[in-house]
Amino acid sequence: MASSIGFDTTVRYARVALDLPASQLGASWFDYALDPQAREAVEPGSWVLVPWGAGRRVGLVVALAGHTDLEPARIKTVIGALPGARPAPEPWLRLLRFAADYYHRGLGEVALPAVPKLLRTPPAPRARGSVFDRARARFDAGTETTAPPAPPAPPELNPAQREALAVLEASTGFTVTLLHGVTGSGKTEVYLHWLATVLARDPACQVLLLVPEIALTPQLAAQVAARFPNERLAILHSDLPDGDRAAHWLAAADGRARVVIGTRLAVLAPMPGLAAIVVDEEHDPSYKQQEGVRYSARDLAIVAASQRGLPVLLGSATPSLESWLAVRRGRYRLARLPGRIGDAALPELEVLDLRHKTLQHDLAPRAVAAIRDTIARGEQALVFINRRGYAPVLGCDQCGWLSRCADCSAYRVLHRAGGAQRSGVGASRGPARYRLVCHHCGGEQPVPRACPECGNIDLKGLGQGTQRLEEGLAEMFPGARIARLDRDVASRRGAAQKVLDAAHAGEVDILVGTQMLAKGHDFRRLSLVVVVDCDGGLYAADYRAPERLFATLMQVSGRAGRDARASRVLLQTRFPEHPLFGYLARHDYDGFADLQLAERQQVGLPPWRHQALLRAEATTQAAALAFLAQARDAGQALLGDDAAVTLLDPVPMAMSRLAGRERAQLLIESDARPPLHRFLDAWLPRLRELPGNARWALDVDPAEI
Ligand code: ADP
Ligand code: ZN
Ligand code: ZN
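In this text the structure is predicted, and so the values were computed from the model without any measurement.

## A short note on the site of ligand 1
Lining the immediate surroundings of ligand 1 are 16 residues, of which E156, Q161, G184, K187 and T188 lie closest. Within the backbone of G184, a nitrogen or oxygen atom sits 2.8 Å from an oxygen atom of ligand 1. Interatomic distance of 3.0 Å between a side-chain N/O atom of D522 and an oxygen atom of ligand 1. Protein coverage of the free-state accessible area of ligand 1, which is 560 Å², stands at 73%. Judged by its atoms lying within 2 Å of the grid points, ligand 1 is housed in the second largest pocket. The element contributing the most residues to the shell around ligand 1 is helix α9 (residues 187–201), with three residues. For the shell around ligand 1, the residue count by class is four nonpolar, seven polar and five charged.

## Section: the layout of surface pockets
In this structure, the second largest pocket occupies an estimated 750 Å³ of space. Along the wall of the second largest pocket there are 33 residues; nearest its centre are G186, T188, Q223, D522 and R562. When contributions to the lining of the second largest pocket are tallied by element, the ones reaching two or more residues are α9 and α10 (217–227). Of the residues contributing to the lining of the second largest pocket, the split by class is ten nonpolar, 13 polar and ten charged.

## Examining the coordination of the zinc ion (ligand 2)
Surrounding the zinc ion (ligand 2) are the protein donor atoms C396 (SG), C399 (SG), C451 (SG) and C454 (SG), at 2.3 to 2.4 Å. Relative to the metal, the four donor atoms surrounding the zinc ion (ligand 2) lie at angles of 104 to 114°, and the coordination shape comes out tetrahedral. Sequence spacing of the donor residues for the zinc ion (ligand 2), all on one chain, is C-x2-C-x51-C-x2-C. With relative accessibility at 4%, the residue C451 sits in the buried group.

## So, the coordination of the zinc ion (ligand 3)
Ideal values for angles at a metal depend on the geometry: 109.5 degrees with four tetrahedral donors, 90 or 180 degrees with six octahedral donors. Of the protein atoms, only C405 (SG), C408 (SG), C438 (SG) and C441 (SG) coordinate the zinc ion (ligand 3), at distances of 2.3 Å. In this structure, the zinc ion (ligand 3) is coordinated by four donor atoms arranged in tetrahedral fashion, with angles at the metal of 105 to 115°. Linear spacing of the donor residues for the zinc ion (ligand 3) on their chain is C-x2-C-x29-C-x2-C. With C405 in the loop between β15 (393–395) and β16 (413–417) and C438 in the loop between β17 (433–437) and β18 (444–446), this residue pair connects regions lying 33 residues apart in the sequence. Looking at C405, the relative accessible area reads 6%, which means it is buried. Taking the relative accessible area as the measure of exposure, C438 reaches 2% and is therefore buried.

## What about the packing of aromatic side chains?
Scanning the entire structure with this criterion turns up twelve aromatic pairs. Considering the side-chain rings of Y102 and Y103, the 5.0 Å spacing of their centres and the 85° angle between planes classify their relative orientation as edge-to-face. Given a relative accessible area of 3%, Y103 falls into the buried group. Ring centres 4.0 Å apart and planes at 5° place the aromatic pair F550 and F592 in the stacked group. With F550 in helix α18 (residues 545–557) and F592 in helix α20 (residues 589–603), this residue pair connects regions lying 42 residues apart in the sequence.

## Side note on the nonpolar core
If you look at the biggest cluster of nonpolar residues, it comprises 133 residues, and the most contacted ones within it are L511, L614 and W683. Once you skip the residues sitting within four places of it in the chain, L511 turns out to touch A381, L382, V383, A483, V499, A503, L517, F523 and L526. Judged by nonpolar contacts, the second largest core, of 30 residues, contains F228, V259, I261 and L313.

## A short note on the sheet that holds strand β7 (residues 206–210)
Sheet architecture is open: seven strands sit in the order β8-β9-β7-β10-β11-β6-β12, paired in parallel fashion. Looking at which strands have only one partner, the edges of the open sheet turn out to be β8 (233–236) and β12 (333–337). Across the sheet, the axes of successive neighbouring strands diverge by a mean angle of 20°, strand direction being ignored. Where strand β6 (residues 175–181) lies against strand β11 (residues 311–316), six bridges are found, and the strand directions are parallel. Residue pairing in the sheet places L178 in a bridge with L314 of β11. Along the sheet, helix α8 (residues 159–169) contacts β6, β11 and β12; its crossing angle with β12, the most-contacted strand, is approximately 160°. Helix α11 (residues 242–253) contacts β7, β8 and β9 (259–262) of the sheet and is inclined by roughly 125° relative to β8.

## Observations regarding the sheet that holds strand β4 (residues 55–65)
Spatially, β2-β1-β4-β3-β5 is the arrangement adopted by the five strands of the open sheet, whose pairing is antiparallel. The open sheet has two edge strands with one neighbour each: β2 (30–33) and β5 (80–81). Where strand β1 (residues 13–17) lies against β4, five bridges are found, and the strand directions are antiparallel. What sits directly across from V16, in β4, is V61.

## Overview of the environment of L528
Within the secondary structure, L528 sits in strand β22 (residues 526–531). Judged by relative accessible area, L528 falls into the buried class, the value being 1%. Dropping the residues within four chain positions of it, L528 is found in contact with A370, I371, T374, Q380, A381, L382, R568 and L570.

## What to know about the confidence of the model for the protein
Scored by pLDDT, the protein comes out at a mean of 91, with 95% of its residues at no less than 70. Low confidence marks residues 1–8, where pLDDT is under 50. Its contacts with residues over four positions away, or in another chain, come to zero contacts. A low-confidence stretch, residues 423–428 stays under pLDDT 50, and its non-local contacts, those more than four residues away or across chains, total 16 contacts.

## Topic: the packing of helix α13 (residues 321–328) against α20
Two numbers describe how α13 lies on α20: the axes approach to 10 Å, and their chain directions differ by 95°. Compared by their axis directions, α13 and α20 come out roughly perpendicular. From α13, L321, W324, L325 and R328 reach across to α20, where they touch Y589, D590, A593, D594, Q596, L597 and R600. Taken together, the residues of the contact of α13 with α20 break down into six nonpolar, one polar and four charged.

## Digging into helix α22 (residues 673–689)
With 17 residues, α22 ought to run about 24 Å at 1.5 Å a step, and its terminal C-alpha atoms sit 25 Å apart, in line with that. Residue W683 marks the point of greatest curvature in α22, where the axis turns by about 30°; the proline P685 follows within four residues. What α22 keeps buried is the set P675, L676, H677, F679, L680, W683, L684 and L687. On its buried face, α22 is in contact with α4 (90–102), β24 (610–618), α21 (621–639), β25 (645–647), β27 (661–670) and β28 (695–700).

## Topic: the environment of I214
Looking at the element boundaries, I214 is found in the loop between β7 and α10. Each C-alpha atom of the pair I214 and E281 lies 13 Å from the other, and the pair is 67 residues apart in sequence.

Cut-offs used in this document
Residues numbered from 1 in each chain as written. Chains lettered and ligands numbered in written order. Predicted model: local features only at pLDDT ≥ 70, side-chain atom pairs only at ≥ 80, totals over all residues. Heavy atoms only, no water. Near = heavy atom within 4 Å. Polar contact = N/O pair within 3.5 Å; in protein donor to acceptor, adjacent residues only side chain to side chain. Areas by Shrake-Rupley, 256 points an atom, 1.4 Å probe, with all protein chains shown as cover. 1 Å grid on protein atoms, 1.4 Å probe; cavity = no way out; pocket = protein on both sides within 12 Å on 5 of 7 lines; lining within 4 Å. Sits in = over half its atoms within 2 Å of the grid points. Helix = DSSP H or I, 4+ residues; strand = E, 2+ residues; numbered from the N terminus. Nonpolar A, V, L, I, M, F, W, Y, C, P; charged D, E, K, R; others polar. Points joined across faces, edges and corners; volume = space filled by probe spheres on them. Donors = N, O, S within 2.8 Å, 3.2 Å for Na, K, Ca; no water. Tetrahedral: all angles 85-135°; square planar, octahedral: opposite > 155°, others 65-115°. Buried < 20%, exposed > 50% of the residue type's maximum accessible area, 1.4 Å probe, protein only. Phe/Tyr/Trp six-rings, centres within 6.5 Å; stacked < 30°, edge-to-face > 60°. Core = buried A, V, L, I, M, F, W, Y, C linked by side-chain atoms within 4.5 Å. Contact = heavy atoms within 4.5 Å. Pairing = 2+ DSSP bridges. Axes fitted to C-alpha atoms, helices over the stretch in contact; angles between N-to-C directions. pLDDT = per-residue confidence, 0-100. Parallel < 35°, antiparallel > 145°, perpendicular 65-115°, else oblique. Expected span 1.5 Å × (residues − 1). Bend = angle between axes of the 7 residues up to and from the residue.

So this is what it looks like as structure tokens:
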């Protein structure tokens, strides 16, 4: 019968993922009708323009369908394919699907933010040309190679490096290798040798090199460009101008860039020819995204490698306990670089007990003397303090008033602004101006002329920040060339690089700074490191604090003596007997890691157990806690007496108030991942139905609790 033959099974609809919070909408895609023309042009993975409200949005087609459950009156039609865009490659879609499932988010929430803004902004209706074509032309123009000079001969690997390389070259298919090498042991050289062999094997393949911090990309990019002058290199991080970001991302996505270097977001760049991944400083907390979809780039790198059957190399001087346990369990291979390159010895560590000492600008007499000796010898000293600004808090010693932030459970930090900015080399001096800044919400205010409580006009900055320390050092060492590096300095484009270049060129006697100085840099002539305050991490509430502190202290110590000078690290503390210092002084990562693993096993913490965290915020702490209590009840009802998943009690977050919102959290724990994720899948729809107007978000494998 003609009518049954005419039964229509052709594609009529596209399921389109959009960048909208699926966890709260309850939908991870939206159905749109396809007109005949769009039907020709659209396939799964296509980028399309769709109407949304009064405007338009860019979406990703996840599937085509012959029917929809939407009422006919509510169906809108796809406007068309995004001009110039090529369909997303299948391996990339697979990674995104994994990430969406694992982090319990919509595919669009993962996919769209991974695309540079220029490329995912709907073009103006009558726009001429395509941003994609312009981005391609921009990359080509920026990376034109003018008959490259012959690449410098790579250094000959030492026996430990050769052995590590042999482990890597023997890897076929999916393997994870942990390269555990002390600072200055030549890990980067192993990466480069390995990547050279991978690139030589297949002229179409691509490699990905992840670094934890934007500031580390120029140095590594220069090394890579010198080593592989004929290969096109793409750089990806969040601080690039929009045009460059689009150009480099597209070069990765089109397979035109053979080497991609980037921060965590680069793990979500589509790379059709991906053949090998390196994650440098794999333990670094900045691999975990802290807003939106809270993914771990290190973990996703391993997933991508496993999905595609590729080798991945994790490098670190202080591997994460997750990776260390995986080695102990035989899931990762271990390669080691136990010593520094050449004759360089590891620095000697000394713990300086701050108790009962007269301090000068918070420096112990021994630290001051050591700095003096160092610069007298024409060498560099690094003074490390993990607090930017002038002083962590402003206070009144008449009545006890402190500069609390009105909107957060935190103090506003005293900052020096304006003419007195000495930062950088040769910066001008002028009258100092001060302001109070909250490092959590960004709230700012001028310094009050007098105490708001008692009228005392003699308010004092309490404690040390980078700016004050810089000032104190200038006072103690008047002739010394001092440079500071912290996020305030780095917020001016190019300023951080200026400080680093000066330090590398030996134009600095004393470097003062935060974390930003600790990682990766290979300073010459640097023979002394002073850590002003080690105590913040020793007895902190977060169980990961000692692991972090150990890694930071190892890293910052590792800046000393990399060019074969005898070097020293002075650690200032009020708890000199803390066991962490013993492991540090012996450079005994294994001992420290094994102890931490044993402690965490005893109390049932990651990496032995797995966690997810439900965070809620509301206008009052009571409302946030009440929401979580209901969430907990709903979850417990789902679980019944199934003990595979444990729901803890809701508690206020360590920083309970942020930007005027009260925050609380509920921890979910399990011995294994599958039951945890099954539970979360069943639980999330219930959360959407709970009354109250708390905002909430789920964090799988939270980095901070
Ligand atoms: P890591 O990344 O482990 O901290 P790097 O790879 O930066 O160490 O190496 C430290 C220094 O030693 C660098 O200046 C590097 O160029 C140099 N280097 C590395 N391997 C060798 C080698 N086999 N021979 C000579 N120099 C080397
Ligand atoms: Zn007062
Ligand atoms: Zn604040």
